[in-house]
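Observations on chain architecture
Chain by chain, the residues:
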Amino acid sequence: MPPSVLLLVLYPIVGAFAPTAFFLLWPKERPPLGSASAGPDANKSTTARLGALIPLFGSGTLLLGTLFWLLLFSSTSLEKARLFGDLGLSSALVGGYFGFSWAGISIWLLALGAITGRMQREIPGLMAPLRVQIVVWLVEAIAEETWRVIALLALMTSGNSALLSVVVVSVAFGSGFLRLGVQRAAVASLDGFFFGFLFLWRGSFLAPFMAHLAIQAVYLWGVGELSQYRQRRKTWQVPGTKCPVCQAHLKLLQIKLSDLFECPSCGAQLSVSDWYQNVMRFTAALGIGSTALGTLLLLHVWLPDKLVYCLTYPVSYGVATSGFLIYKRAFTRLFPPRLQRGTPYFITLNLKGGHESKTSKSEDK
Ligand SMILES: [Zn+2]
């Protein structure tokens, strides 16, 4: 049995047994039986802790296992292959950009899978505080991409073709997700193929590493907000977002960006100021326009002409999807929304035509 097989099965084994091993080592962390019936609030912090600790434990084990494998089986030919390749800035940029786009495309795949009701995507560390999220985010990307790059090089230096090596490593990666269903494993294999392809194309660890960071960033800080756990997450008190009637502080999730909503403490009808909504719309339109143009220019630099024409549309589509998700979050965090009273009087005062639907809605009352 060639030693590379050991490295290949390391990933699915760690994926399958990390939670069990974690609770064997730290039995005190195991949530008490029946805690699920105590309601979502009672075990919220436990879930958040474990949601970060178990992925960290898994990534740490994977990284240690990979390094241990290197110690035992590293051959001269593997040492000659440049493990981390050329650490150029352009590879990092390519990886980050395509990763950002891939995240958007995989969101559509995920949505398709969700229609059939059989697909979910775990987001490690989602419910943890931001500092912990960043640690999980970095450690996972380092561990998984180090494993992938070394597994690829191990297969290739023992005489396999590049294509076969990428396929085998992707399948090994995907099988680590079988506990979440066949569809999830298939999407993970596609992810794996994408990361492996990036590494072989750019010859640099940085390309799949940055792509991994970009994808997880979109999921953590873009999609996470939409996930089923949304209500359970800690929300931010946005400074300066006060109810103009009772001066109560409003949390971000309590604000509807494009609709009338009620202040949770005094019940007044509120809406985000028209000025704010217009700036947001304008920035979004500008963003979509420059995304398409920017993608066209970047692909011209990175790819042969024939590929540019096939790929510009799907790549911009992915970038726009991810961008939209991140943008909504980032914009409201950077610039706290200003609220206005959405009473009929103020609405007719603020809107000089153009918002017929809202005006007629308030006239109905
Ligand atoms: Zn109020």
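A brief look at the structure comes next. All values reported here derive from a predicted model rather than from experimental measurement. (Residues numbered from 1 in each chain as written. Predicted model: local features only at pLDDT ≥ 70, side-chain atom pairs only at ≥ 80, totals over all residues. Heavy atoms only, no water.)

Some details on the overall build of the protein chain
Heads up, the rule is: Secondary structure elements are taken from DSSP: a helix is a run of H or I of four residues or more, a strand is a run of E of two residues or more, and numbering for both begins at the N terminus. Relative accessibility decides the category of a residue: with a 1.4 Å probe and only protein chains considered, values under 20% of the type maximum give buried, values over 50% give exposed, and everything between is partly exposed. Should any heavy atoms of two residues lie within 4.5 Å, those residues are considered in contact. In short, Shrake-Rupley with a 1.4 Å probe defines the accessible areas, and a residue's cover is counted only from the protein chains shown.
Within the protein chain one finds twelve helices and five strands. The buried share of the protein chain, reckoned over its 365 residues, is 44%. A separation threshold of at least 6 residues defines the contact pool for the protein chain, and within that pool the share at least 24 residues apart is 71%. By element, 68% of the accessible surface of the protein chain is carried by carbon and sulfur atoms, the whole surface being about 19400 Å².

Description of a nonpolar patch on the surface
Going by this rule: For patch building, the residue pool is restricted to those with more than 30% relative accessible area and no salt bridge; the joining distance is 9 Å between like charges and 5 Å between nonpolar side chains (Val, Leu, Ile, Met, Phe, Trp, Tyr). Salt bridge criterion: a side-chain nitrogen from Lys or Arg within 4 Å of a carboxyl oxygen from Asp or Glu.
A contiguous nonpolar patch, built from L6, V9, I13, F17, F68, L71, L72 and F73 and spanning about 800 Å² of accessible area, is present on the exposed surface. For the nonpolar patch, the secondary structure elements donating two or more residues are helix 1 (3-25) and helix 2 (44-73). Mapped onto the elements of the fold, F73 is located in helix 2.

Some words on the packing of aromatic side chains
What counts here: Geometry of aromatic contacts follows a simple scheme: Phe, Tyr and Trp rings, the Trp one being its six-membered ring, pair when their centres are within 6.5 Å, and the pair is stacked under 30 degrees between planes, edge-to-face over 60, tilted otherwise. Charges are assigned to positions over rings by a cutoff of 6 Å between ring centre and Lys NZ or Arg CZ, combined with an angular limit of 35 degrees from the ring normal.
Counted under the stated rule, the structure contains 19 aromatic pairs. Look at W26 and F57: their rings are 5.7 Å apart centre to centre, the planes differ by 90°, and that puts the pair in the edge-to-face class. Here W26 is found in the loop between helix 1 and helix 2, whereas its partner F57 is found in helix 2, with 31 residues between them in sequence. For W26, a relative accessible area of 43% puts it in the partly exposed group. By way of ring pairs, the aromatic residues Y97, F98, F197, W201 and W302 are connected into one cluster. The side chain of R148 reaches across the aromatic face of F173, ending 4.3 Å from its centre.

Thoughts on helix 2
Here is the rule we go by: Expected helix span is given by 1.5 Å per residue-to-residue step, counting one fewer step than there are residues.
Compared with the 44 Å implied by 1.5 Å per residue over 30 residues, the 43 Å span of helix 2 between its first and last C-alpha is a close match. Regarding helix 2, the residues found buried are A48, L50, A52, I54, F57, G58, S59, L62, T66, W69 and L70.

Quick notes on the coordination of the zinc ion
A metal bound by six donors in octahedral fashion has ideal angles of 90 or 180 degrees, whereas one bound by four tetrahedral donors has an ideal angle of 109.5 degrees. Heads up, the rule is: The rule for donors is simple: an N, O or S atom within 2.8 Å of the metal counts, and for Na, K and Ca the reach is 3.2 Å. Water is not among the atoms, so a site may look short of donors. Metal sites are grouped by the angles between bound donors: all angles between 85 and 135 degrees with four donors is tetrahedral, opposite donors over 155 degrees apart with the others between 65 and 115 is square planar for four donors and octahedral for six, and any other pattern is irregular.
In the first shell of the zinc ion, the protein supplies C243 (SG), C246 (SG), C263 (SG) and C266 (SG), at 2.3 Å from the metal. One can describe the site at the zinc ion as tetrahedral: its four donor atoms subtend angles covering 106 to 115° at the metal. On the primary sequence, the residues serving as donors to the zinc ion are separated as C-x2-C-x16-C-x2-C. In this pair, C246 sits in the loop between strand 1 (237-242) and strand 2 (249-251) while C263 sits in the loop between strand 3 (261-262) and strand 4 (269-272), placing the two residues 17 residues apart along the sequence.

Remarks on the environment of F98
Inspection of the secondary structure puts F98 in helix 4 (residues 89-115). The class of F98 is buried, set by a relative accessible area of 10%. Taking the C-alpha atoms as reference, F98 lies 9.1 Å from A207; in sequence the two are 109 residues apart. Those residues in contact with F98 that lie beyond four places of it in its chain are F194, W201, L299, W302, L303 and V315.

Quick word on the pattern of salt bridges
Applying the stated criterion across every chain, the model contains one salt bridge. The salt bridge involving R148 is made with E145; its shortest N-O contact spans 2.8 Å. Taken together, the residues span about one helical turn, with R148 and E145 both in helix 5 (residues 130-157) at a distance of three residues. Classification of E145 by relative accessible area gives buried; the value is 0%.

Things to note about the nonpolar core
Put simply, the test is: Working definition of a nonpolar core: buried Ala, Val, Leu, Ile, Met, Phe, Trp, Tyr and Cys residues. They are joined through side-chain atoms within 4.5 Å. Where each domain starts and ends comes from a domain assignment, either automatic or drawn from a database.
Membership of the largest hydrophobic core comes to 67 residues, with the highest contact counts inside it found for F98, W147 and F194. Ranked by residue count, the leading element in this core is helix 8 (residues 206-223), at twelve residues. The residues that make up this core include at least three from each of domain 1 (3-232) and domain 3 (279-329). If we skip the residues at most four places from it in the chain, F194 touches F98, G99, W102, A211 and I215.

Topic: the sheet that holds strand 5 (residues 339-341)
For clarity, the cut-off: Strands are labelled as partners when DSSP assigns at least two bridges between them.
Sheet architecture is open: three strands sit in the order 3-4-5, paired in antiparallel fashion. Edge positions in the sheet fall to strand 3 and strand 5, since each of these pairs with one other strand and no more. Relative to strand 4, strand 3 runs antiparallel, the two sharing two bridges. Across the sheet, E262 pairs through a bridge with Q269, a residue of strand 4.

Re the packing of helix 1 against helix 5
Selection rule: Here an angle of 0 to 180 degrees is reported between the N-to-C directions of two axes, which are lines fitted to C-alpha atoms, with helices fitted over the stretch in contact. Orientation is classified from the angle alone, with under 35 degrees giving roughly parallel, over 145 giving roughly antiparallel, 65 to 115 giving roughly perpendicular, and any other angle giving oblique. Should the near helix be turned anticlockwise from the far one by less than a right angle, the crossing is left-handed, and should it be turned clockwise, the crossing is right-handed. Charged means Asp, Glu, Lys or Arg here, nonpolar means Ala, Val, Leu, Ile, Met, Phe, Trp, Tyr, Cys or Pro, and polar covers whatever is left, Gly included.
For the pair helix 1 and helix 5, the least separation of the axes is 10 Å and the interaxial angle reads 155°. As judged from the angle between their axes, helix 1 and helix 5 are roughly antiparallel. Considering how the two elements wind past one another, helix 1 and helix 5 form a crossing that is left-handed. Every residue of helix 5 that contacts helix 1 at S4, L7, L8, L10 and Y11 is listed here: E144, W147, I150, A151, A154 and L155. Counted by class, the contact of helix 1 with helix 5 contains nine nonpolar, one polar and one charged residues.

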